[in-house]
There are 2 protein chains.
Amino acid sequence: MTTHEYYMHKALQEARQAAEEGEIPVGAVVVCKGKIIARAHNETEKLNDVTAHAEMLAITMATSYLGGKYLNECTLYVTMEPCTMCAGALSWAQLGELVTGAPDPHRGYSRLTPPVLHPKTRITSGILTGECSEIVKQFFKAKRS
Amino acid sequence: MTTHEYYMHKALQEARQAAEEGEIPVGAVVVCKGKIIARAHNETEKLNDVTAHAEMLAITMATSYLGGKYLNECTLYVTMEPCTMCAGALSWAQLGELVTGAPDPHRGYSRLTPPVLHPKTRITSGILTGECSEIVKQFFKAKRS
């Protein structure tokens, strides 16, 4: 298992937790110098708040842990491609590296021009894509049945 | 004074409060059925959190007040054009109407394609533009001196 896969598994654990709580299953972890400093999952239903995406909560947690506003030395792993809001937040945080699982062709940030992430953010996509997609598909399938 | 100007003055009061606290002076209010249900200003320094923009705080406050996730019957007044993050959040909230003061050619959402706001959000820009711009200019001028 690669390092990226290892941490994406941790983000998937968060996504599973979200599913158990009836939330759209997206999870995120923030890693800084080999240590997980934040882990979060979507809580929009529980908090009744559209801004409570996994990434937003993870950013707030990570910056709180670090005592600074910037995540330029951090990697954020997220099971689904961030939306416009989350990518905008990651840009303000000057994220060092973004690693994503499943793509989001409808809401994902990569549709947008000009590019919305910080120009210095390194990007890796397609880590454990199958698992990251499947958990969301299963969630909606179960909801419809 | 028009209704838009009246509420933009309220948003400007929030921006002034931000300036007094050493924050980039941007303020927002959310109006629903003629009543202000949320008022907020930028708190990124105080909270040490890049996501704590006036609009984000106002969305969370307004949805908390309403007990629902959506702001489709609300108008958000903000002294500066929302950034990518805030526009993404306003889209998730299905905001009814957005009224802005000063434009933000560098960070504003209107640069982006495809459009990031919800397709049903009505948009009015240029309300009290001079005052909304001036307070930000004065803030940075004072910081440099």
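Residues numbered from 1 in each chain as written. Chains lettered and ligands numbered in written order. Predicted model: local features only at pLDDT ≥ 70, side-chain atom pairs only at ≥ 80, totals over all residues. Heavy atoms only, no water.

Novice: When you look at the interface of chain B and chain A in this model, what are you seeing that I'm missing?
Specialist: It is common to report an interface's size as the accessible area lost on association of the parts. Counting from both sides, the interface comprises 29 residues of chain B and, opposite them, 29 residues of chain A. Summed over the three residues of chain B that lose the most area to chain A, namely B:Val50, B:Lys69 and B:Trp92, the buried surface amounts to 29% of that side. Along the contact surface separating chain B from chain A lie 2 salt bridges. The interface formed by chain B and chain A contains 7 residue pairs in polar contact (both at pLDDT 80 or more). Looking at the side of chain B that touches chain A, the elements with two or more residues in it are helix H2 (54-66) and helix H3 (84-92) of chain B. (Contact = heavy atoms within 4.5 Å. Buried area = accessible area lost by both parts, 1.4 Å probe. Salt bridge = Lys/Arg side-chain N within 4 Å of Asp/Glu carboxyl O. Polar contact = N/O pair within 3.5 Å; in protein donor to acceptor, adjacent residues only side chain to side chain. Helix = DSSP H or I, 4+ residues; strand = E, 2+ residues; numbered from the N terminus.)

Novice: Can you walk me through the sheet that holds strand S3 (residues 74-80) of chain B in this structure?
Specialist: Strands in a sheet are paired, the pairing made by backbone hydrogen bonds, and the direction either parallel or antiparallel. All names here are of chain B. Sheet architecture is open: 5 strands sit in the order S2-S1-S3-S4-S5, paired in mixed fashion. Edge strands, defined here as strands with exactly one partner in the open sheet, are strand S2 (35-41) and strand S5 (122-124). Adjacent strand axes in the sheet meet at a mean angle of 15 degrees, parallel and antiparallel pairs treated alike. Pairing of strand S1 (residues 27-32) with S2 involves 6 bridges; the strand directions are antiparallel. Residue pairing for S2: Cys 32 is matched across the bridge by Lys 35. (Pairing = 2+ DSSP bridges. Axes fitted to C-alpha atoms, helices over the stretch in contact; angles between N-to-C directions.)

Novice: Even after reading the chapter, I still don't get the environment of B:Val31, so can you show me in this structure?
Specialist: Residues and elements named next belong to chain B. Examined against the element boundaries, Val 31 turns out to sit in strand S1. Judged by its relative accessible area of 8%, Val 31 falls in the buried class. Between the alpha carbons of Val 31 and Met 8 there is a distance of 11 Å; along the sequence they are 23 residues apart. Leave out the neighbours within four places in its chain, and Val 31 touches Tyr 7, Ile 36, Glu 73, Cys 74, Thr 75 and Tyr 77. (Buried < 20%, exposed > 50% of the residue type's maximum accessible area, 1.4 Å probe, protein only.)

Novice: Whenever I open this one, the relation of the copies chain B and chain A confuses me. Can you help?
Specialist: At an RMSD of 0.0 Å, chain B and chain A line up after a rotation of 180 degrees and a shift of 0.0 Å along the axis. The superposition operator between the copies reduces to a two-fold rotation axis. When C-alpha positions in chain B are compared against the rotation axis, the closest is assigned to B:Met85, at 1.9 Å. Taken together, the interface assignments show that 100% of the residues at the interface of chain B recur at the interface of chain A, consistent with an identical surface on both copies. (Least-squares fit on C-alpha atoms with pLDDT ≥ 70 in both.)

Novice: Any chance you could explain the UniProt feature "binding site: Zn(2+)" (unreviewed entry) in chain A here in plain terms?
Specialist: Following the UniProt record, the feature "binding site: Zn(2+)" (unreviewed entry) maps to A:His53, A:Cys83 and A:Cys86 here. A maximum C-alpha distance of 9.3 Å places the annotated residues, which cover 34 residues in sequence, within one compact spot. Along the polypeptide, A:His53 turns up in the loop between helix H2 (44-47) and helix H3 (54-66). Overall, A:His53 belongs to the buried group, its relative accessible area being 14%. A:His53 has contacts with A:Asn42, A:Thr44, A:Cys83, A:Met85, A:Cys86 and B:Trp92, leaving out every residue within four places of it along the chain. Residue placement: A:Cys83 occurs in the loop between strand S3 (74-80) and helix H4 (84-92). Accessibility expressed as a relative area gives 5% for A:Cys83, which makes it buried. (UniProt positions renumbered as here; feature names shortened; annotations may be inferred.)

Novice: So what exactly am I meant to see when it comes to the pairing of S3(A) here?
Specialist: Residue and element names in this part refer to chain A. Counting buried residues along S3, 7 of its 7 residues qualify, which places the element largely inside the surrounding structure. Two elements, strand S1 (residues 27-32) and S3, share 5 bridges in a ladder whose sense is antiparallel. Pairing of Ala 28 across the sheet is with Val 78, part of S3. As defined by bridge partners, S3 adjoins strand S4 (residues 97-102) across 5 bridges and the pair is classed as parallel. Across the sheet, Tyr 77 pairs through a bridge with Val 99, a residue of S4.

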